[in-house]
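Chain by chain, the residues run as shown.
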Amino acid sequence: MRLYPLNATQEDMLQAADPETLETSYCINAYVEISKEKCSVDEMAHACQTVLDTIEYTHVHLVRQDGKVMICEDFDMPNHVHWYEMTDEEWEKGKASIIKPFRMLEEACLRLNVLSTETKSIMLFEYNHLFFDGISIKGVLNAVEDVMAGKPIEDPGDITALWNMEEISSYDTKAYQRAQQATCDKFRGLRYTDICRKTDNPMGQTLYACYLLSYDRLKHIRLNSGALTEVQQHKMMTTICVAAYAIALGQMAGTTDVMFMITNHGRIDKRLNLKVLGNFLKSMSLCINTDPEQSVAELIGQTRIALFGMMRTIGYPWTHMVRDLQLTPEEQVGTEMNFSGSDIYEYLTIRGNDYPTFHIEMPVSDMHLFLVVQIREEGLTFNVEGSEALYTQEQLYTMARLTGEYALQLIGDQSKKIKEILISPGLSKEHF
């Protein structure tokens, strides 16, 4: 059994749990559908159980020790594949009712489920976001792929325990102090930009919107064209999409100076390989000026500097900035975006075929606007979600559309001024 402390990000996520029971709905749920002709439910279940029996981190949970909450890895915490049988119709209508909150003191915080319908073998995975993020789930999927391919798997160990302790021990270092000073100087007195309604109760039905920027419209910058390496292309598109999001947010909020959150999975970092499990998602804050009189090149350059500038201060956790700047809960929330590559968690590959994952959104949420850009075979998708108590459906559709269209415009003539590419924000759902 291994016990170790939570890092700053995990401590922040823990605030969403019930303080007594530590039950939380802060989880992400996704599923993969495969035709029964391609994969039987029995072999899928066997692969999933083999992974759970082999990888200790899939038994991770929380314990209280001397009044302090600690992370615990322990094979004595059981974790078994859950089986369901239902019709195709029952699955389509009832998939959201299967998922449930995690009892972090009482159960392992990853659930692997297999479902059998008349035509499909389905793997549904529920993961507590305090422990797992996109790349760590990709590690689980890779292990399932290996078992199905007849390859032996080994317990890769949990590098998160090492990172957590290294992060905590870094708080007294000069590097931490430099990052603290630079961050606080930059963000003191600023507030996150948001377009939400003001309300005392942010809980509401989860609203969702998606806008596709197809490769037919991206022929001049096809991501796998060979002009750049894949890593270079992803870096370039990350900068472009962040800049596009900044323009859209500023236009929707009626300001040229925007401040928002961005998540960094660190997927290019050599330490983060697909066999590593654990939560290493980091949140950063960006300040971007979207003055319409500046050129596209100036905006992209400014965005690149902001991104790399904050990467240098990532050793200073966002939760510490909130504490040191004495931000109230109302001042701590705002919009957030993330650029997710195709090699993160979107696909399960079985016998040479890629099967995409589909997310099940939690029906009720207090989430502020969150946009994720994903690379798919058909193009880039701009996925937005948020609470109905905070946003209208039209706001989310418009935010998705504007970000996608601005990304397309920013790839073009970089001598243009921003005002030349601005698009009317008004657009109703039937246009999607």
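Treat the numbers as computed from the prediction; the structure is a model and nothing was measured. (Residues numbered from 1 in each chain as written. Predicted model: local features only at pLDDT ≥ 70, side-chain atom pairs only at ≥ 80, totals over all residues. Heavy atoms only, no water.)

Quick notes on unusual backbone geometry
Quick reminder of the rule: Helix and strand labels come from DSSP, where a helix needs a run of H or I of at least four residues and a strand needs a run of E of at least two; each type is numbered from the N terminus. Classification of residues uses two cut-offs on accessible area relative to the type maximum, computed with a 1.4 Å probe and protein chains only: under 20% is buried, over 50% is exposed, and between them is partly exposed.
Positive phi values are uncommon outside glycine, yet Asp-66 reaches one of about 55°. By the secondary structure assignment, Asp-66 is in the loop between strand S4 (61-65) and strand S5 (68-73). Take Asp-66: its relative accessible area is 80%, and that puts it in the exposed class. Despite not being glycine, Gln-326 has its phi angle at roughly 55°, a positive value. Position of Gln-326 relative to the elements: it lies in the loop between helix H9 (318-324) and strand S13 (336-340).

Some details on the confidence of the model for the protein chain
This is how it is decided: pLDDT measures the predictor's confidence residue by residue and takes values from 0 up to 100. Residue contacts are counted whenever heavy atoms from the two residues lie within 4.5 Å of one another.
In the predicted model, the protein chain carries a mean pLDDT of 86, and 89% of its residues have values of at least 70. Note on residues 428-432: pLDDT under 50 across the span, and eight contacts to partners over four residues away in sequence or across chains.

Some remarks on the sheet that holds strand S3 (residues 27-35)
Short version of the rule: Two strands make a pair as long as DSSP finds a minimum of two bridges between them. Orientation is described by lines fitted to C-alpha atoms, with helices fitted over the stretch in contact, and by angles between N-to-C directions that extend from 0 to 180 degrees.
Read from one edge to the other, the open sheet built from five strands follows the order S6-S8-S9-S3-S16, with strand pairing classed as mixed. At either end of the open sheet lies a strand with only one pairing partner, and these are strand S6 (82-85) and strand S16 (358-360). Taking each pair of neighbouring strands and ignoring which way they run, the sheet shows an average axis angle of 25°. Where S3 lies against strand S9 (residues 120-128), nine bridges are found, and the strand directions are antiparallel. By the bridge assignment for S9, Tyr-31 is matched with Leu-124. On top of the sheet, helix H4 (residues 134-148) reaches strand S8 (110-116) and S9; it is set at about 145° to S9, its chief contact.

Re the nonpolar core
What counts is decided by this rule: Within this scheme, the nonpolar core is defined by two criteria: the residues are buried Ala, Val, Leu, Ile, Met, Phe, Trp, Tyr or Cys, and they are joined through side-chain atoms within 4.5 Å.
Grouped together as the largest cluster of nonpolar side chains are 67 residues, with contacts concentrated most on Phe-260, Leu-286, Met-337, Phe-382 and Leu-410. For this core, the leading source of residues is helix H7 (residues 230-253), giving eleven residues. Sequence-distant contacts of Met-337, that is, excluding residues within four places in its chain, are made with Cys-241, Val-242, Tyr-245, Phe-260, Met-261, Ile-262, Thr-263, Phe-370, Leu-371 and Val-373. In this structure, Leu-6, Ile-34, Ile-55 and Met-86 belong to the second largest nonpolar core, which totals 60 residues.

Thoughts on the environment of Gly-189
Here Gly-189 lies in the loop between helix H6 (174-187) and strand S10 (204-214). Spatially, the C-alpha atoms of Gly-189 and Leu-325 are 8.4 Å apart, while their sequence positions differ by 136 residues.

Some points on the environment of Asp-76
Here Asp-76 is to be found in the loop between S5 and S6. Among the residues examined, Asp-76 registers a relative accessible area of 67% and is labelled exposed. Considered as a pair, Asp-76 and Met-1 are 75 residues apart in the sequence and their alpha carbons are 8.4 Å apart.

What about the packing of aromatic side chains?
Going by this rule: Side-chain rings of Phe, Tyr and Trp (the six-membered ring for Trp) are treated as a pair once their centres are within 6.5 Å; stacked means planes under 30 degrees apart, edge-to-face means over 60, and tilted covers the remaining angles. Over a ring means this: the NZ of a Lys or the CZ of an Arg is within 6 Å of the ring centre and within 35 degrees of the ring normal.
The final tally for this structure, using the stated rule, is eight aromatic pairs. Summarising the aromatic geometry, the rings of Tyr-245 and Phe-260 are spaced 4.9 Å apart at their centres and angled 70° between planes, so their arrangement reads as edge-to-face. Separated by 15 residues along the polypeptide, Tyr-245 in helix H7 and Phe-260 in strand S11 (residues 257-264) bring together distant segments of the chain. Its relative accessible area of 0% is what places Tyr-245 among the buried residues. Phe-260 sits in the buried class, given a relative accessible area of 0%. Three or more aromatic residues joined by ring pairs make a cluster, and in this case those are Tyr-57, Phe-125, Tyr-127 and Phe-132. Between the NZ or CZ atom of Arg-111 and the centre of the ring of Phe-102, over which it lies, the distance is 3.9 Å.

Looking at H4
In plain terms, the rule: Expected span of a helix, by definition, is 1.5 Å for each gap between consecutive residues, and there is one gap fewer than residues.
An ideal rise of 1.5 Å per residue puts 21 Å on 15 residues; H4 measures up with 21 Å between its terminal C-alpha atoms. Buried residues dominate H4, accounting for 15 of its 15 residues. Immediately downstream of H4, the backbone of Gly-150 shows phi near 80°, a positive value.

Focus on the pairing of strand S18 (residues 370-376)
The element S18 is largely enclosed, with a buried count of seven among its seven residues. Hairpin connection between S18 and strand S19 (residues 379-387): a loop of two residues separates the two successive antiparallel strands.

Describing the pairing of S4
Taken together, the five bridges between S4 and S5 define a ladder with antiparallel strand orientation. Bridge pairing links Leu-62 to Ile-71 in S5. Following S4, the chain reverses through two residues before pairing antiparallel with S5; Asp-66 in that reversal takes a positive phi of roughly 55°.

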